[in-house]
Amino acid sequence: MGTAELRNIAKQIRYYTTDEIATLGVGHIGGSLSIADVLAVLYFKEMNVDPKNPNMENRDRLVVSKGHAGPAVYATLALKGYFPMEELKTLNVEGTNLPSHCDRTLTPGVDMTAGSLGQGISAAVGMAKACKIFENGARVFCIIGDGESQEGQVWEACMSAVQLKLDNLVVFMDYNKMQIDGTTDEIMSVENPAERFRAFGFNVYDIDGHDIDAIIASIDGAKQVKDKPTMIVLNTVKGKGVSFVEQALVDCHSMNFTAEQKAAALEELK
Ligand SMILES: Cc1ncc(C[n+]2csc(CCOP(=O)(O)OP(=O)(O)O)c2C)c(N)n1
Ligand SMILES: [Mg+2]
């Protein structure tokens, strides 16, 4: 799939993510919209997956460690054909298969349960090691938050990934510079993450996280590197694509939507 088509997929992911959250009336919109572009590239270009066979043994895996971005993952999986688009209307309602945070026991295509920040990347390291042991050729992708990276467990997992020479692991940091209560710089800075991860021994790219071509080029770069895990720092905008969500800044972490706001947001994403 080419860049223009992937851009269109990212736009659709943003549209349906916003529709899910605004239909429910509340949800983690900011950190969902910031990862739409990487999700488009992963599911519609890079990952060896089969929506008809979600548990295919040698599939590539994705761990969305910042599990509160579930709505964006669900929009992507539905567009890919894992389940009917209609199901998106059930986000976080009683009995749903689409809870606010990702749950691998409920949603076809979700590879890891997440929500307690810091843990997903450890699971991704374990999965990548297992794929090496089984020599199944699968790759493991993981998306972590910048606020999430204040958890010590993230750095312990990174040390393990380097020690274990996991060149089948690609981690993306959604560097949107915001968390719940403020900017990451105000709360506990992870400034210059590229240098930090390079110092830990990762192969690192530092890119515009909304640039489809740059995301593809970095993943291609990772394929050429032997014996080192890759970290792709995605410089992103929290709430990307809906102007009043972007402008809400830290308040866009979890937002309430009125019917008027829903209509305005969807109009902008058409
Ligand atoms: C261990 C843990 N502590 C606190 C929370 C509550 N929490 C949910 S999202 C969030 C902010 C995360 O910020 P970031 O990783 O930057 O996410 P993003 O900006 O991508 O939404 C927090 C503190 C949690 N889910 N898990
Ligand atoms: Mg953040």
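Coordinates for the structure precede this section.
In this report, we go over the structure that sits alongside the text. None of the values given here were measured: they were computed from a predicted structure. (Residues numbered from 1 in each chain as written. Chains lettered and ligands numbered in written order. Predicted model: local features only at pLDDT ≥ 70, side-chain atom pairs only at ≥ 80, totals over all residues. Heavy atoms only, no water.)

Concerning the sheet that holds strand β3 (residues 140–145)
Argument step 1. If you trace the 5 strands from one edge of the open sheet to the other, you get β2-β3-β4-β6-β5, paired in parallel fashion. The open sheet has two edge strands with one neighbour each: β2 (61–64) and β5 (203–208). Taking the axes of each pair of neighbouring strands and ignoring which way they run, one obtains an average angle of 20° across the sheet.
Argument step 2. Taken together, the 4 bridges between β2 and β3 define a ladder with parallel strand orientation. Along β3, the bridge assignment pairs leucine 62 with phenylalanine 141. (Pairing = 2+ DSSP bridges. Helix = DSSP H or I, 4+ residues; strand = E, 2+ residues; numbered from the N terminus. Axes fitted to C-alpha atoms, helices over the stretch in contact; angles between N-to-C directions.)

Considering the pattern of salt bridges
Argument step 1. Taken as a whole, this structure holds 11 salt bridges when the rule is applied.
Argument step 2. In this structure, the salt-bridge partner of aspartate 111 is arginine 59, at a minimum N-O distance of 3.0 Å. Here aspartate 111, found in the loop between α4 (70–80) and α5 (120–134), pairs with arginine 59, found in the loop between α3 (36–46) and β2; they are 52 residues apart in sequence, far enough to count as distant. For the pair formed by aspartate 111 and arginine 59, the shared burial category is buried.
Argument step 3. In this structure, the salt-bridge partner of lysine 89 is glutamate 86, at a minimum N-O distance of 3.6 Å.
Argument step 4. Taken together, the salt bridges that share partners define one network made up of Glu46, Asp60, Arg139, Asp220 and Lys223. (Salt bridge = Lys/Arg side-chain N within 4 Å of Asp/Glu carboxyl O. Buried < 20%, exposed > 50% of the residue type's maximum accessible area, 1.4 Å probe, protein only.)

Remarks on the coordination of the magnesium ion (ligand 2)
Argument step 1. On the protein side, the magnesium ion (ligand 2) has Asp146 (OD), Asn176 (OD1) and Met178 (O) as donor atoms, found 2.1 Å from it.
Argument step 2. One chain supplies every donor for the magnesium ion (ligand 2), spaced along it as D-x29-N-x1-M.
Argument step 3. Residue classification places asparagine 176 among the buried residues on the basis of a relative accessible area of 6%.
Argument step 4. Assessed through its relative accessible area of 15%, methionine 178 is described here as buried. (Donors = N, O, S within 2.8 Å, 3.2 Å for Na, K, Ca; no water.)

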